[in-house]
Amino acid sequence: MIEAPEARILCRQLNETVRGKKITDVYTQFSPHKFAWFTGSSEEYAEQLSGKTIDHAQSQGGMVEITIGDKVLILTDGVNLRYLAPGSKLPAKHQLLIAFEDESCLVASVRMYGGLMCYDKDAADGVLSNYYLTARSKPQVMSDGFSPEYFLGLINADSAQKKSAKAFLATEQTIPGLGNGVLQDILYHTHIHPKKKISGLTDKERENLFYQIKETMNDIYHLGGRSTESDLFGANGKYVACLSKDTAGMACPRCGETIVKENYLGGSIYYCRGCQPLPPA
């Protein structure tokens, strides 16, 4: 699943590659996928987008938002997006294909689940997906609007105190675009156990958590994304996670203790027994 740095990379590449291109054809559900979520009927996308021009792309949390004339196309974090140059071989499976006048195209395919949503550019908030609306309405984590003051307001709120560090960072879109894939390294660098309660964090730990969110996100972005994710052209990023399924069971390079994998809150967590101790309940 892409997160904020990868979404930002994809949007930069879209603006460099397909901005200004005119759409000639749109195909949906070439390979039917029951967890590919479209707005309305997917069969209407061709009529809604054909003949229009790509204006620009921008990220909203971990989503890609593409403005196309009077429409906005949103691809959520479970959608794999590729640009194919003229003459390229098309993939065997895809849920959305946008063809351009020069015979290049964008191909989107859903992994486990994902949204491919098309709205009027001036659609009222009540029409929009709550997931997209939430991501759009909050300061983007890699922007200046996501400031120390804003973050401390989130983490010091009464509603955050009973949550664990993982629950605070990566559930309920508290920080859109920050999910389970990125939080592992953020907590590792701040020496915070994923299950540690927010109420148990010191003021210094809360400040450090903000700066590590910023630093980790920027590192991932400048290295072209995580090594487990690929960009618009299919190239994998160069950021290798400190904690992941590949390091579970290995010795921590910082202290030598074992890196642990556990199931928690519907997903996996990774932490170092030595660097990230969990205080007694």
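Rules used throughout
- Residues numbered from 1 in each chain as written.
- Predicted model: local features only at pLDDT ≥ 70, side-chain atom pairs only at ≥ 80, totals over all residues.
- Heavy atoms only, no water.
- Patch = residues over 30% accessible without salt bridge, like charges linked within 9 Å, V, L, I, M, F, W, Y side chains within 5 Å.
- Areas by Shrake-Rupley, 256 points an atom, 1.4 Å probe, with all protein chains shown as cover.
- Salt bridge = Lys/Arg side-chain N within 4 Å of Asp/Glu carboxyl O.
- Helix = DSSP H or I, 4+ residues; strand = E, 2+ residues; numbered from the N terminus.
- Buried < 20%, exposed > 50% of the residue type's maximum accessible area, 1.4 Å probe, protein only.
- Domains from an automatic or database assignment.
- Contact = heavy atoms within 4.5 Å.
- Buried area = accessible area lost by both parts, 1.4 Å probe.
- Polar contact = N/O pair within 3.5 Å; in protein donor to acceptor, adjacent residues only side chain to side chain.
- Axes fitted to C-alpha atoms, helices over the stretch in contact; angles between N-to-C directions.
- Parallel < 35°, antiparallel > 145°, perpendicular 65-115°, else oblique.
- Left-handed = near helix turned anticlockwise from the far one by under 90°.
- Nonpolar A, V, L, I, M, F, W, Y, C, P; charged D, E, K, R; others polar.
- UniProt positions renumbered as here; feature names shortened; annotations may be inferred.
- Pairing = 2+ DSSP bridges.

J.: Just to check I follow, could you spell out a nonpolar patch on the surface for this structure?
T.: A cluster of nonpolar side chains, contributed by Phe 35, Trp 37, Met 112 and Tyr 113, occupies part of the molecular surface with about 450 Å² of accessible area. Residue position: Trp 37 is located in strand β2 (residues 36–38). You can call Trp 37 partly exposed: its relative accessible area is 45%.

J.: Help me understand the domain arrangement of the protein, please; the structure alone is not making it clear to me.
T.: Frequently, the measure chosen for interface size is the accessible area removed from exposure when the parts meet. Along its sequence, the protein is carved into domain 1 (2–135) and domain 2 (146–270). Distance between the C-alpha centres of domain 1 and domain 2: 28 Å. Between domain 1 and domain 2, the residue contacts involve 25 residues of the former and 20 residues of the latter. Taken together, the two surfaces of domain 1 and domain 2 that pack against each other cover about 1,800 Å², and 56% of this comes from carbon and sulfur. Taken as a group, Glu 3, Pro 5 and Glu 6 account for 30% of the area that domain 1 buries against domain 2, more than any other trio of residues on that side. Two residues, Glu 229 and Arg 111, come together in a salt bridge whose shortest N-O distance is 2.8 Å. The tally of links from domain 1 across to domain 2 stands at 13 residue pairs in polar contact (both at pLDDT 80 or more). Mapped by element, the contributors of at least two residues to the side of domain 1 that touches domain 2 are α1 (4–17), β6 (79–84) and α3 (130–137).

J.: Looking at this structure, how should I read the packing of α1 against helix α7 (residues 203–222)?
T.: Pairs of packed helices are described in terms of their axes, by the angle between the two and the distance that separates them. With their axes 8 Å apart at the nearest point, α1 and α7 run at an angle of 40 degrees to one another. Of the possible angle classes, the one that applies to α1 and α7 is oblique. Here α1 runs over α7; the crossing is right-handed. Contact with α1, carried on its side by Ala 4, Pro 5, Glu 6, Arg 8, Ile 9 and Arg 12, involves Met 217, Ile 220 and Tyr 221 of α7 and no other residues of that element. Considered class by class, the residues forming the contact of α1 with α7 number six nonpolar, no polar and three charged.

J.: I'm lost on the UniProt feature "domain: Formamidopyrimidine-DNA glycosylase catalytic" (unreviewed entry) in the protein in this one. Help?
T.: What UniProt calls "domain: Formamidopyrimidine-DNA glycosylase catalytic" (unreviewed entry) maps, in this numbering, to residues 2–138. Counting secondary structure, residues 2–138 comes out at 20% helix and 37% strand; the distance between its end C-alpha atoms is 18 Å.

J.: I would appreciate a short explanation of the environment of Ala 7 in the present structure.
T.: Position of Ala 7 among the secondary structure elements: in helix α1. Apart from residues no more than four positions distant in its own chain, Ala 7 is found in contact with Ile 2, Ser 59, Gly 61, Gly 62, Met 63 and Val 64.

J.: Looking at this structure, how should I read unusual backbone geometry?
T.: Negative phi characterises most residues that are not glycine, and trans characterises most peptide bonds. Look at Gln 29: it is not a glycine, yet its phi comes out positive at around 55 degrees. Considering the arrangement of structural elements, one finds Gln 29 in the loop between β1 (23–28) and β2. Look at Gln 173: it is not a glycine, yet its phi comes out positive at around 50 degrees. Within the secondary structure, Gln 173 is located in the loop between α5 (165–170) and α6 (180–189).

J.: Which parts of the structure should I look at to understand the pattern of salt bridges?
T.: Any two side chains of opposite charge can pair, on the condition that their charged atoms come close. All chains considered together, the criterion is met by 11 salt bridges. Lys 52 is the salt-bridge partner of Asp 70, the closest N and O atoms lying 2.6 Å from each other. Of this pair, Asp 70 sits in the loop between β4 (63–68) and β5 (71–75) while Lys 52 sits in the loop between α2 (45–49) and β3 (54–60), and the two are 18 residues apart along the sequence. Between Lys 245 and Asp 246 there is a salt bridge whose closest N-O contact spans 3.4 Å. Residue classification places Asp 246 among the exposed residues on the basis of a relative accessible area of 54%.

J.: How should I be thinking about the sheet that holds strand β8 (residues 105–110) in this particular structure?
T.: In any sheet, the strands associate via hydrogen bonds between backbone groups, in a parallel or an antiparallel arrangement. Taken together, four strands build an open sheet; the order of strands is β1-β7-β8-β6 and the sheet is antiparallel. The outermost strands of the open sheet, each flanked by one partner alone, are β1 and β6. Each strand axis lies, on average, 15 degrees off the axis of its neighbour in the sheet, ignoring direction. Direction of pairing for strand β7 (residues 96–100) relative to β8: antiparallel, over a ladder of four bridges. Residue pairing in the sheet places Ile 98 in a bridge with Leu 106 of β8.

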